[in-house]
Amino acid sequence: MTASAPMGAPAHPVPAEALTVAAGQAEAVPGDLAGNAATAARLVREAAARGATVVVLPELFLPAYHPPTLADPATDVAADGVGLVDDARLEPLRSAARDGSAVVVVGAAVRHPDDRRTCSALVVDRAGTVNAGYDKQHLCGPYEKALFTPGVRGATLTVDGWRLGLGICYDGCFPEHGRAAAADGAHAYLCPSGYERGSEHRRDLYYPARALDNGMYVVFANPVGAATRWRFNGGAAVYDPQGRPLVRAADDGEAVVVTACDPAELVRVRATHSMLADRLSDQGGPRASIAA
C-alpha cells in the first residue's frame, strides 16, 4: 500500500508495509546489569521468533528501577560523544538483536562524557550497535530528580519506513510529549515505563489516550515483580490508533506480547478522527472571562 498522510497531518509518507512490534515484561534484579541484559535477551529472542521487528522493554530495566541501587555508578552504562554505548555486559542483548534481526528499545542509566547522568532509552539496532537514543525529559518524583539530569529534546527512531517517537514512562503522562512526536511524523510512540502497583488506572489511561490523541500506535512496556518498596504491575500492551488494546499482558508474570501495526489503519483512523490534522496552532488570544 502506498499512501500519503491526510491533509494537515505531518508530511511523512505512511509506511508501505506492516510493522510487527513486541512489548515485554519481566522482573529485573537491582544492580545486576549483566543478568538483566541476559533476561532482556531472552525476551528479545522470544519476540523475534514470533516475528517482531521492534521490541520494547521497560524503563531502567538493565539496572532495575530501584533508586537505592541506582545511586551506585556501577549500574550505569557509558555513552561516548556521539551517543554510542560499548559495554561488555550488554553482549547477550546485542547478540539477540543481531540473531533475531530485531531493533530493541530498553531502559538504562547512562553516563555521558560531560558527566551528565540520564534515564535513557537505549536503541540496539539489527547489527547489535547500541545507541543512547533518548533521554527522559520529564523526571518523576524526588528519586529520579536526585539521580538524573532531564533530557532536552525528543527523538524519533525510523525502522522500515515507520517513524517511532520515543518516550519514557512519565513523558507519556503529558499530551504535549506524544503530540510533539506525532507532529514530527510519528506513526507510533514507544514507551518503556515503570508503573508501580496501585497505579493501574493511570497506566491504562495515559497510553491509550496518547494513541487516540494523535491517531498513532503506542507500544507500552512495564516491569513486574520486585519484593521491595518498588513493586511493578506489568500490563505491557500495544494500542491501536483509536486507543484500543490490540494485545495486553497480565499485571503479573513474565510475558511478551506481539502484534502487527497496520499502515492502512493509520490512514483510516487519521481520515475519520482527524484531531491531528484539525489541531489549532494556538488557542487564540487572552481567554474570555465570563461571570454568571
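Residues numbered from 1 in each chain as written. Predicted model: local features only at pLDDT ≥ 70, side-chain atom pairs only at ≥ 80, totals over all residues. Heavy atoms only, no water.

Moving on, we get to the packing of helix α5 (residues 175–183) against helix α6 (residues 200–214). Look at α5 against α6: their axes get within 10 Å of each other, and the N-to-C directions meet at 45°. Between α5 and α6, the interaxial angle falls into the category oblique. Between α5 and α6 lies a crossing whose hand is right-handed. Across from Pro175, Gly178, Arg179 and Ala182 in α5, the residues of α6 making contact are Arg210, Asp213 and Asn214. When the residues that make up the contact of α5 with α6 are grouped by side-chain class, the tally is two nonpolar, two polar and three charged. (Axes fitted to C-alpha atoms, helices over the stretch in contact; angles between N-to-C directions. Helix = DSSP H or I, 4+ residues; strand = E, 2+ residues; numbered from the N terminus. Parallel < 35°, antiparallel > 145°, perpendicular 65-115°, else oblique. Left-handed = near helix turned anticlockwise from the far one by under 90°. Contact = heavy atoms within 4.5 Å. Nonpolar A, V, L, I, M, F, W, Y, C, P; charged D, E, K, R; others polar.)

It is worth spelling out the side chain of Arg270 at this point. For Arg270, the location among the structural elements is in helix α7 (residues 263–272). Despite its burial, Arg270 remains without a salt bridge, the nearest opposite charge being carried by Glu265 at 11 Å. Among the polar contacts made by the side chain of Arg270, one reaches the main-chain carbonyl oxygen of Ala186 at a distance of 2.9 Å. A polar contact of 2.8 Å, which involves the side chain of Arg270, links it to the backbone oxygen of Gly215. (Buried < 20%, exposed > 50% of the residue type's maximum accessible area, 1.4 Å probe, protein only. Lys, Arg positive; Asp, Glu negative; His and termini not counted. Salt bridge = Lys/Arg side-chain N within 4 Å of Asp/Glu carboxyl O. Polar contact = N/O pair within 3.5 Å; in protein donor to acceptor, adjacent residues only side chain to side chain.)

Applying the stated criterion across every chain, the model contains one cavity of 30 Å³ or more. Here the largest cavity defines a volume of roughly 100 Å³. Taken together, 16 residues line the largest cavity, and the ones lying closest to its centre are Ala28, Ala64, Tyr65, Ala226 and Phe232. Grouping the amino acids of the lining of the largest cavity by side-chain chemistry returns 11 nonpolar, three polar and two charged. (1 Å grid on protein atoms, 1.4 Å probe; cavity = no way out; pocket = protein on both sides within 12 Å on 5 of 7 lines; lining within 4 Å. Points joined across faces, edges and corners; volume = space filled by probe spheres on them.)

Gaps left between atoms are located by rolling a probe of water-molecule size over the structure's atoms. A volume near 360 Å³ is recorded for the largest pocket. In this structure, the largest pocket is lined by 19 residues; those nearest its centre are His112, Arg116, Ala132, Asp135 and Arg153. Partitioned by chemical class, the residues of the lining of the largest pocket number seven nonpolar, seven polar and five charged. Put simply, the second largest pocket is a space of about 290 Å³. As for the second largest pocket, its lining consists of 18 residues, and the residues nearest its centre are Tyr65, Cys140, Glu144, Gly194 and Glu196. Per element, the largest residue contribution to the lining of the second largest pocket is four residues, and it comes from helix α4 (residues 141–147).

Relative to each other, helix α1 (residues 33–49) and helix α3 (residues 91–100) sit at 10°, their axes nearing to 8 Å. Taken together, the axes of α1 and α3 are roughly parallel relative to one another. Taken together, the residues of α3 that come into contact with α1 (itself represented by Ala37, Ala38, Ala40, Ala41, Val44, Arg45 and Ala48) are Pro92, Leu93, Ser95, Ala96, Ala97, Asp99 and Gly100. Split by residue class, the contact of α1 with α3 holds 10 nonpolar, two polar and two charged.

Looking at the protein chain, the pLDDT average stands at 94 and 96% of residues meet or exceed 70. Put simply, helix α8 (residues 275–278) is where the protein chain has its lowest mean pLDDT, 90, and strand β2 (residues 54–56) is where it has its highest, 99. (pLDDT = per-residue confidence, 0-100.)

In total, this model carries eight aromatic pairs according to the counting rule given. Arranged with centres 6.4 Å apart and planes meeting at 85°, the rings of Tyr206 and Tyr207 form a pair that is edge-to-face. Of the residues examined, Tyr206 reaches a relative accessible area of 23% and is grouped as partly exposed. Residue classification places Tyr207 among the buried positions, given a relative accessible area of 0%. Ring centres 4.7 Å apart and planes at 35° place the aromatic pair Tyr207 and Phe220 in the tilted group. In this pair, Tyr207 is assigned in helix α6 and Phe220 in strand β11 (residues 217–221), connecting sequence segments 13 residues apart. Taken together, the aromatic side chains of Tyr195, Tyr206, Tyr207 and Phe220 make up a single cluster linked through ring pairs. (Phe/Tyr/Trp six-rings, centres within 6.5 Å; stacked < 30°, edge-to-face > 60°.)

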